[in-house]
Amino acid sequence: MTYTTQENGVFPAVCSLDCPDQCGLLLHKKEGKIIKIEGDPNHPVTKGNICNKVRNMTERIYDPKRLTHPLMRIGKKGSGEFVRISWEEAIATITERWRALIDSDGPESILPYSFYGNMGRINVEGMDRRFFHRMGASQLDRTICNSAGAVGYSYTMGGAFGTDPEDTIHSKLFIMWGINTVSTNMHQVVFAEQARKNGAKIVVIDVHKNQTGRWADWFIPILPGTDTALALGIMHVLFAENLVDSAFMGKYTVGHEELREHVRTYDPATVSAITGVPVEDIYKLARMYGMTSPSFIRIGNGIQHHDNGGMCVRTIACLPALTGQWLVKGGGANKGNKGFLEHNKLAVQRPDLLANKQTRVINMNELGKALLDTKPPVKSLFVYTSNPAIVAPEGNKVRQGLAREDLFTVVHDLFLTETALYADIVLPATSSYENTDFYTSYWHHYIQLQQPVIPPYGESKSNTEVFRLLAAAMEYDEPVFRDSDEEMIRQALEGHGNPHLEGITIETLVEKKYAKAAKTESFFSRPLPTRSGKIELYSQAMAEKGLPPLPTYTPLVPDGNFPYMFVPGPNHNYLNSTFSNNEKHKKMEKIPRLHMNVEDASASGISDGDTVRIWNERGECELVVSIGENVLPGVVVSQGLWADAPHSKHYVNALTPDRIADMGGGATFFSGRVDVEKVIR
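To start, this report covers the structure provided alongside it. (Residues numbered from 1 in each chain as written. Predicted model: local features only at pLDDT ≥ 70, side-chain atom pairs only at ≥ 80, totals over all residues. Heavy atoms only, no water.)

### Some remarks on the overall build of the protein chain
Turning to step 1, where the next piece is worked out: If you tally the helices and strands in the protein chain, you get 25 helices and 27 strands.
Turning to step 2, where the next piece is worked out: For 681 residues, the compact-globule estimate of 2.2 N^0.38 gives 26 Å, and the C-alpha radius of gyration of the protein chain, at 25 Å, lies within 12% of that figure.
Turning to step 3, where the next piece is worked out: Dimensions of the protein chain, computed from the C-alpha atoms along their principal axes, are close to 70 × 65 × 50 Å.
Turning to step 4, where the next piece is worked out: Going through the 681 residues of the protein chain one by one, you find that 62% of them count as buried.
Turning to step 5, where the next piece is worked out: Within the protein chain, contacts between residues separated by at least 24 positions form 76% of all contacts whose residues are at least 6 apart in sequence.
Turning to step 6, where the next piece is worked out: Entry remark: accessible area of the protein chain is about 24,700 Å², with carbon and sulfur atoms responsible for 51%.
Turning to step 7, where the next piece is worked out: The protein chain carries 71 positive and 78 negative side-chain charges, and their two centres are separated by 3 Å. (Helix = DSSP H or I, 4+ residues; strand = E, 2+ residues; numbered from the N terminus. Rg over C-alpha atoms; globule rule 2.2 N^0.38 Å. Buried < 20%, exposed > 50% of the residue type's maximum accessible area, 1.4 Å probe, protein only. Contact = heavy atoms within 4.5 Å. Areas by Shrake-Rupley, 256 points an atom, 1.4 Å probe, with all protein chains shown as cover. Lys, Arg positive; Asp, Glu negative; His and termini not counted. Charge placed at Lys NZ, Arg CZ, Asp CG, Glu CD.)

Spelled out as structure tokens, the structure:
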């Protein structure tokens, strides 16, 4: 299963980035090197269109700063002083230190830290899980991205099931809610543009008029963390003006009568005072939604990164049930479609290897606390497919923890990242184009196979290979640690019990490169995986957990006496910290900016183009301010996670809280407050 022996040609591939589109690609090779990356025009969803991030991926693969061999630290943590060592020395050093820690402090003194820098299923959640389960290390609760919203959506719908994106070409109304679709889900834009040619309207609700807001037919600015109230205000109007589908609610939902009474208190005047959305716009939006069919809501990640993020997504997910849009082709909503592609994770991850070990669980959003305050202490950290020194909240606390001299840290990555600078051992990682893996989109319905196109760069190794080496050195002799990548993919595609993956095998994927999950006629041809089997507008399961059983607006947690809500969203040319260290992508993105309302700037004596200090009790950073009407008064927005550079102060996650959201252990990146002042030099 490899194309690496062929020096020249065009070879199929998959985009490995943590992005809903998961594009099909074609890699052009000349003399054994990838010289061009383009979209696969035959892919049913992405159809040859790719973003600039991936179009310029060769700049990242062959970046001269890419790691080629293992390193050992010889200087102070953070200094970047390393010497080259062999893989044999690296593995021996790591396992010797771990054996000693297990003997002295127990296996829970060791903590893996990873996320989805590579979305390949066996490389990001396969052999690594087996290894740390067998060890009995502290478990990481991987909740930094979509967990709050996933749990909230599941309370309403029972799982990660939504409208097929391909059907949205039939939609007549798109509501892009809390998602910068142009920058983070470009093929949904393509489908919306097809529908727009047939008269569809596009509404964007967000805290920042970014590229998606400018693309919309109607942009609705909203105060951060108040989206639940707006959704409830829409419900108020829908019920009051009889714009609901009573027959659908009667057959397919529970709690609609209770919800009807509950939303009486969320009248447009009350909701306007909370959200900053004018009363007349609340009526206009509700009537547009209630009178247009098919209508489709694309629910974004941003809105769940608040203290009330889980409830926010749960509430928005109720809207299509009120109007019966789930039974209309192109109607409904999409938060994610992972449920259609759910593979056999038990076989891949082998949680049975934990046996009866009573291991603690550490939330990845609280890494700073875990490294500084957890008792008994974390003594070793193994970081892969993530860069917590940039991406984790309350970042100064994280870096203080990483700087502990008694913390033995290993980082497996393609580059000497901000996190790797604190490592004792750094291991070079392969790119996805050097690996065998399979991919499951969390937006469209296709599963895809990646076969290696180029050999490993330098001495780099894949995650699966590293953990096989570590298992052998730790003398874990169970056969599961000798499974090949192909065998693990086969295990994932067998015994999953998912009817949507019926008939899809590794042989299917080798032959066709991708396959679509089988569809039932509708979600409602069988009971939903909720307790009632229906859409739960009233959730008894939530009531039993002490949560409001009906959609309810709860204000954000107070976050210091600072005048501005601070939202550090994504930018167009990076994906989290990926690409932020590559010169090509930095040139495309230009400079980091802070977007500020003209009224606030005028009152503070700040002019467009000024450098400003943004600060709170957690830290500070400096950005160039962009003044205008793109955000509401009292709100400031930055975009992108910019890599550290000499004398730069762009570390926005120094400002973000590490509080935990209302559901799923989620992050609250967007619920922080700051002050802003002009820098006088």
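### What to know about unusual backbone geometry
Turning to step 1, where the next piece is worked out: Residue Pro-294 is reached from Ser-293 by a cis peptide bond, and omega for that bond is -5°.
Turning to step 2, where the next piece is worked out: Residue placement: Pro-294 occurs in the loop between helix H14 (279-291) and strand E12 (295-299).
Turning to step 3, where the next piece is worked out: Along the chain, Lys-375 connects to Pro-376 via a cis peptide bond; the corresponding omega equals -10°.
Turning to step 4, where the next piece is worked out: By secondary structure assignment, the location of Pro-376 is in the loop between helix H17 (367-372) and strand E15 (380-384).

### Focus on the packing of helix H5 (residues 127-135) against helix H20 (residues 463-473)
Turning to step 1, where the next piece is worked out: In contact at an axis separation of 8 Å, H5 and H20 are set at 25° when each is read in the N-to-C sense. If you check the angle between H5 and H20, you find them roughly parallel. Viewed along their axes, H5 and H20 form a crossing whose handedness is left-handed. Listed contacts from H20 to Met-127, Asp-128, Phe-131 and Phe-132 of H5 are Thr-464, Phe-467, Arg-468, Leu-470 and Ala-471.
Turning to step 2, where the next piece is worked out: Its residues assigned to classes, the contact of H5 with H20 shows 6 nonpolar, 1 polar and 2 charged. (Axes fitted to C-alpha atoms, helices over the stretch in contact; angles between N-to-C directions. Parallel < 35°, antiparallel > 145°, perpendicular 65-115°, else oblique. Left-handed = near helix turned anticlockwise from the far one by under 90°. Nonpolar A, V, L, I, M, F, W, Y, C, P; charged D, E, K, R; others polar.)

### Overview of the packing of aromatic side chains
Turning to step 1, where the next piece is worked out: Counted under the stated rule, the structure contains 23 aromatic pairs.
Turning to step 2, where the next piece is worked out: Pairing Phe-131 with Phe-132 gives two aromatic rings, centres 5.1 Å apart and planes at 85°, and the pair type is edge-to-face. Each member of the pair Phe-131 and Phe-132 is classed as buried.
Turning to step 3, where the next piece is worked out: Between Phe-161 and Phe-340, the ring centres sit 5.2 Å apart and the planes meet at 85°, which makes this aromatic pair edge-to-face. Of this pair, Phe-161 sits in the loop between helix H6 (147-157) and strand E8 (173-177) while Phe-340 sits in the loop between strand E13 (332-334) and helix H16 (345-349), and the two are 179 residues apart along the sequence.
Turning to step 4, where the next piece is worked out: For Phe-161, a relative accessible area of 21% gives the class partly exposed.
Turning to step 5, where the next piece is worked out: Above the plane of the ring of Tyr-62 lies Lys-33, whose end atom (NZ or CZ) is 4.7 Å from the centre.
Turning to step 6, where the next piece is worked out: One residue, Lys-284, lies across the ring of Trp-218, its end atom 4.2 Å from the ring centre. (Phe/Tyr/Trp six-rings, centres within 6.5 Å; stacked < 30°, edge-to-face > 60°. Lys NZ or Arg CZ within 6 Å of the ring centre and 35° of its normal.)

### Details of the environment of Thr-436
Turning to step 1, where the next piece is worked out: Tracing the sequence through the fold places Thr-436 in the loop between strand E17 (425-428) and strand E18 (437-440).
Turning to step 2, where the next piece is worked out: Sequence separation between Thr-436 and Asp-483 is 47 residues, and the spatial gap between their C-alpha atoms is 13 Å.

### Comments concerning the pairing of strand E23 (residues 593-597)
Turning to step 1, where the next piece is worked out: Burial of E23 is extensive: 4 of the 5 residues sit out of reach of the surface.
Turning to step 2, where the next piece is worked out: Pairing analysis gives 5 bridges linking E23 to strand E25 (residues 619-628), with the strands arranged parallel. The partner of His-595 across the bridge, within E25, is Ser-626.
Turning to step 3, where the next piece is worked out: Examined bridge by bridge, E23 and strand E26 (residues 635-639) share 3 bridges and lie antiparallel to one another. Looking at E26, one finds that Leu-594 is bridged to Ser-638. (Pairing = 2+ DSSP bridges.)

### Things to note about the packing of helix H10 (residues 227-240) against H14
Between two packed helices, what matters for the description is the angle formed by their axes and the separation of those axes.
Turning to step 1, where the next piece is worked out: Packing of H10 against H14 brings their axes to within 9 Å, and their N-to-C directions diverge by 65°. In this view, H10 runs roughly perpendicular relative to H14, as classed from their interaxial angle. Note on packing geometry: the crossing formed by H10 with H14 is right-handed. Within the contact between the two elements, H10 uses Leu-230, Gly-233, Ile-234, Val-237 and Leu-238 and H14 uses Ile-282, Tyr-283, Leu-285, Ala-286, Tyr-289 and Gly-290.
Turning to step 2, where the next piece is worked out: Split into classes, the residues belonging to the contact of H10 with H14 amount to 9 nonpolar, 2 polar and no charged.

### Some words on the pattern of salt bridges
Turning to step 1, where the next piece is worked out: The tally for this structure, following the rule as stated, stands at 40 salt bridges.
Turning to step 2, where the next piece is worked out: Notably, a salt bridge pairs Arg-659 with Asp-307, separated by 3.0 Å at the nearest N-O pair. One end of the pair, Arg-659, is in the loop between E26 and strand E27 (672-678); the other, Asp-307, is in the loop between E12 and helix H15 (309-323), with 352 residues separating them in the sequence.
Turning to step 3, where the next piece is worked out: Each of Asp-307, Asp-559, Glu-617, Arg-618 and Arg-659 takes part in one network of salt bridges that share partners. (Salt bridge = Lys/Arg side-chain N within 4 Å of Asp/Glu carboxyl O.)

### Re the sheet that holds strand E2 (residues 24-30)
Turning to step 1, where the next piece is worked out: Strands sit in the order E1-E2-E3 across an open sheet of 3 strands; the sheet is antiparallel. In this open sheet, the two edge strands, each paired with only one partner strand, are strand E1 (9-14) and strand E3 (33-39). Looking at each pair of strands side by side, their axes are set apart by 30° on average, direction ignored.
Turning to step 2, where the next piece is worked out: Across 6 bridges, the pairing between E1 and E2 is antiparallel. Paired with Val-10 across the strands is His-28, a residue of E2.

### Things to note about the environment of Tyr-433
Turning to step 1, where the next piece is worked out: Residue placement: Tyr-433 occurs in the loop between E17 and E18.
Turning to step 2, where the next piece is worked out: A residue is classified by how much of its surface remains accessible, and Tyr-433, at 2% relative accessible area, is buried.
Turning to step 3, where the next piece is worked out: C-alpha separation for the pair Tyr-433 and Lys-397, spaced 36 residues apart in sequence, amounts to 35 Å.

### Digging into the sheet that holds E8
Turning to step 1, where the next piece is worked out: Within the open sheet, the 5 strands sit side by side as E10-E9-E8-E12-E13. Their pairing is parallel. Lying at the two open borders of the sheet, with one neighbouring strand each, are strand E10 (218-221) and E13. Shown here is a sheet whose adjacent strand axes are inclined to one another by a mean of 15°, direction ignored.
Turning to step 2, where the next piece is worked out: Where strand E9 (residues 201-206) and E10 come together, 4 bridges link them in parallel fashion. Bridge pairing links Val-204 to Phe-219 in E10.
Turning to step 3, where the next piece is worked out: Across the sheet, H14 touches E8, E9, E10 and E12, and the angle it forms with E10 is around 130°.

### Examining H10
Turning to step 1, where the next piece is worked out: In this model H10 runs 20 Å from its N-terminal to its C-terminal C-alpha over 14 residues, within 8% of the 20 Å that 1.5 Å per residue would give.
Turning to step 2, where the next piece is worked out: The buried count for H10 comes to 13 of 14 residues, which makes it a mostly enclosed element.
Turning to step 3, where the next piece is worked out: Asn-242 occupies a position one or two residues after H10 and carries a positive phi of about 55°. (Expected span 1.5 Å × (residues − 1).)

### Some thoughts on the nonpolar core
Turning to step 1, where the next piece is worked out: By size, the foremost hydrophobic cluster in this structure holds 140 residues, and its most contacted members are Trp-98, Phe-131, Phe-132, Trp-177, Leu-230, Leu-319 and Phe-382.
Turning to step 2, where the next piece is worked out: Counting residues per element, this core draws most heavily on H10, which supplies 9 residues.
Turning to step 3, where the next piece is worked out: Phe-131 has contacts with Trp-98, Phe-467, Leu-470, Ala-471, Met-474, Tyr-476 and Phe-481, leaving out every residue within four places of it along the chain. (Core = buried A, V, L, I, M, F, W, Y, C linked by side-chain atoms within 4.5 Å.)

### Observations regarding empty space enclosed by the protein
A probe matching the size of a water molecule, rolled over the atoms, marks out where space remains unfilled.
Turning to step 1, where the next piece is worked out: Evaluated as defined, the whole model comprises 3 cavities of 30 Å³ or more.
Turning to step 2, where the next piece is worked out: Considered as a void within the structure, the largest cavity measures approximately 80 Å³ in volume.
Turning to step 3, where the next piece is worked out: Around the largest cavity, the lining is made up of 13 residues, and of these Pro-12, Ala-13, Val-14, Leu-449 and Lys-513 lie nearest the centre.
Turning to step 4, where the next piece is worked out: Of all the elements in the fold, those that place two or more residues in the lining of the largest cavity are E1, E2 and strand E19 (446-450).
Turning to step 5, where the next piece is worked out: Of the residues that constitute the lining of the largest cavity, the class distribution is 7 nonpolar, 4 polar and 2 charged.
Turning to step 6, where the next piece is worked out: Looking at the second largest cavity, its volume works out to about 60 Å³.
Turning to step 7, where the next piece is worked out: What lines the second largest cavity is simply Met-119, Arg-121, Lys-338, Leu-341, Glu-342, His-343, Lys-345, Thr-440, Ser-441 and Tyr-442. (1 Å grid on protein atoms, 1.4 Å probe; cavity = no way out; pocket = protein on both sides within 12 Å on 5 of 7 lines; lining within 4 Å. Points joined across faces, edges and corners; volume = space filled by probe spheres on them.)

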